[in-house]
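# Remarks on the overall topology
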Amino acid sequence: MPILEIHDLHTYYGNIHALKGISLTVEPAEIVTLIGGNGAGKSTTLKTITGLLRPRQGNVVFEGEDLGQYKAHEVVFKGVAMVPEGRGIFARLTTAENLDMGAYHRKDKAGIAEDLGRVYALFPRLKERQRQVAGTLSGGEQQMLATGRALMAHPRLLLMDEPSMGLAPILVEGIFETIEQINKEGTTILLVEQNAQMALQIAHRGYVIQTGQIVMADSAMNLRTNDMVKHAYLGIG
């Protein structure tokens, strides 16, 4: 059974029809990427999954359960966490306090300690900066922190919205290597990313979204060699 199923999703901003009947699935242990241009509906899709936006039609099913009945914070309790576009860290809190916020709903102290160790193993820089105010971290460190905070919720599905945005090219490759590592450790990932080249290199499957509609779905390997994808998103041809 897919870990995530989206059926005929229609989401609006006021009278603007942002998602026009999209459907997609994510299987357990996959990295699935959603690629498309600015305004195509990528971030809107993630916000609808998490309950930050409510669809007018269609549904989001996670592990066989319709998420439409839950509020956004309850979706986190169910096992879905998001690394938001722009990172969304708590700038006035320390690195350690930001990570604590990721586990605010959890009561399993041993599990929290284990996940904190996992985050520090993935991002040793965060351990070095644990007492530093988050707003003074570099852009790359803030992206590490946003990812670490989401992992502290111990999600079974991790949604990532433009994790490479605003980062120096030298840091981008490291971010994608980390995404692969998180997946290898057992977390399923739905990745929204404008850097289609990097996203398709690490993903198992991908979807292409244009003006709120899914126009293509295939293995990542096949999408990398598709003429339309190469021309529109990979800058080839």
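Just so it is clear, the structure is predicted and the values come from calculations on it, not from any experiment.

Reading guide: rules and limits
Per chain, residue numbering runs from 1 following the sequence as it is written. This being a predicted model, a pLDDT of at least 70 is required before a residue's local features are given, and a value of 80 or more before pairs of side-chain atoms are given or counted; all residues contribute to the totals for chains, interfaces and linings. Calculation of side-chain values draws on the structure's entire complement of heavy atoms; hydrogens and water are dropped beforehand. Segments assigned H or I by DSSP are reported as helices when at least four residues long, segments assigned E as strands when at least two residues long, and all are numbered from the N terminus. Each radius of gyration reported is based on C-alpha atoms, and the globular scaling rule is 2.2 Å times the count of residues to the power 0.38. Think of it in three bands: with a 1.4 Å probe and only protein chains considered, a residue is buried below 20% of the maximum accessible area for its type, exposed above 50%, and partly exposed in between. For this analysis, residues touch if any pair of their heavy atoms sits within 4.5 Å. All accessible areas in this document rest on Shrake-Rupley with a 1.4 Å probe, and a residue is counted as covered only by the protein chains that are shown. Only four residue types enter the charge count: Lys and Arg as positive, Asp and Glu as negative, with His and the chain ends excluded. Every charge is mapped to an atom, namely NZ of Lys, CZ of Arg, CG of Asp or CD of Glu. One bridge is not enough; two strands pair if DSSP finds at least two bridges between them. For every element, the axis is a line fit to its C-alpha atoms; helices are fit only across the contacting stretch, and the angle between N-to-C directions ranges from 0 to 180 degrees. Take the far helix as your reference; a near helix turned counterclockwise from it by less than a right angle gives a left-handed crossing, and one turned clockwise gives a right-handed crossing. Side-chain atoms within 4.5 Å link the members of a nonpolar core, which is a set of buried Ala, Val, Leu, Ile, Met, Phe, Trp, Tyr and Cys residues. When a carboxyl oxygen of Asp or Glu lies within 4 Å of a side-chain nitrogen of Lys or Arg, that pair is called a salt bridge. What counts as a ring pair is set by centres within 6.5 Å for rings of Phe, Tyr and Trp (its six-membered ring), and what kind of pair is set by the plane angle: stacked under 30 degrees, edge-to-face over 60, tilted for all other angles. Ring-over charges, as used throughout, are those where CZ of Arg or NZ of Lys falls within 6 Å of the ring centre and within 35 degrees of the ring normal.

Per the secondary structure count, the protein includes ten helices and ten strands. Over its C-alpha atoms the protein spans a radius of gyration of 17 Å, differing by no more than 12% from the 18 Å that the globule rule assigns to 237 residues. Within the protein, the proportion of its 237 residues that are buried is 50%. A separation threshold of at least 6 residues defines the contact pool for the protein, and within that pool the share at least 24 residues apart is 67%. Within the structure as shown, the protein displays about 11000 Å² of accessible surface, and the carbon and sulfur contribution to it stands at 51%. Averaging the locations of the 23 positively and 25 negatively charged side chains of the protein gives two centres separated by 6 Å.

This part covers the sheet that holds strand E4 (residues 57-62). In space, the four strands of this open sheet follow the order E2-E1-E4-E5, with antiparallel pairing throughout. The sheet is open, and its two borders are formed by strand E2 (16-26) and strand E5 (65-66), each paired with just one other strand. Pairing geometry for strand E1 (residues 4-13) and E2, over eight bridges, is antiparallel. Across the sheet, the residue bridging to Leu9 is Ile22, located in E2.

Let us look at the packing of helix H3 (residues 95-102) against helix H6 (residues 139-151). Interhelical geometry of H3 versus H6 gives an angle of 35° and a closest axis separation of 7 Å. By crossing handedness, the relation of H3 to H6 is classed as right-handed. Packed against H3, whose contacting residues are Thr95, Asn98, Leu99 and Gly102, the element H6 presents Leu145, Gly148 and Arg149 at the interface.

Right, let's talk about the nonpolar core for a bit. For soluble globular proteins, nonpolar side chains are generally found buried alongside one another. Within the largest apolar cluster, 43 residues are counted, with the highest numbers of intra-cluster contacts made by Leu158, Phe176, Ile179, Ile189, Leu191 and Val229. In contact with Ile179, other than residues within four places in its own chain, are Ile31, Met160, Pro163, Ile189, Leu191 and Ile202. If you look at the next biggest cluster of nonpolar residues, it comprises 26 residues, including Ile49, Phe62, Leu157 and Leu190.

Below, the discussion takes up the pattern of salt bridges. On inspection of all chains with the given rule, the structure shows twelve salt bridges. Across the pair Lys42 and Glu162 runs a salt bridge, and its minimum N-O distance is 3.9 Å. Of this pair, Lys42 sits in helix H1 (residues 42-50) while Glu162 is found in the loop between strand E7 (157-161) and helix H7 (169-184), placing the two residues 120 residues apart along the sequence. A relative accessible area of 5% means that Glu162 is categorised as buried. For Lys230, the salt bridge identified is with Asp227, shortest N-O distance 3.9 Å.

So, on to the packing of aromatic side chains. In this structure the tally under the stated criterion is one aromatic pair. Taking the centre distance of 6.4 Å and the plane angle of 55° together, the rings of Phe77 and Tyr104 count as tilted. One end of the pair, Phe77, is in helix H2 (residues 72-78); the other, Tyr104, is in the loop between H3 and helix H4 (109-122), with 27 residues separating them in the sequence. The ring of Tyr12 has Arg56 lying over it, and the distance from NZ or CZ to the ring centre is 3.8 Å.

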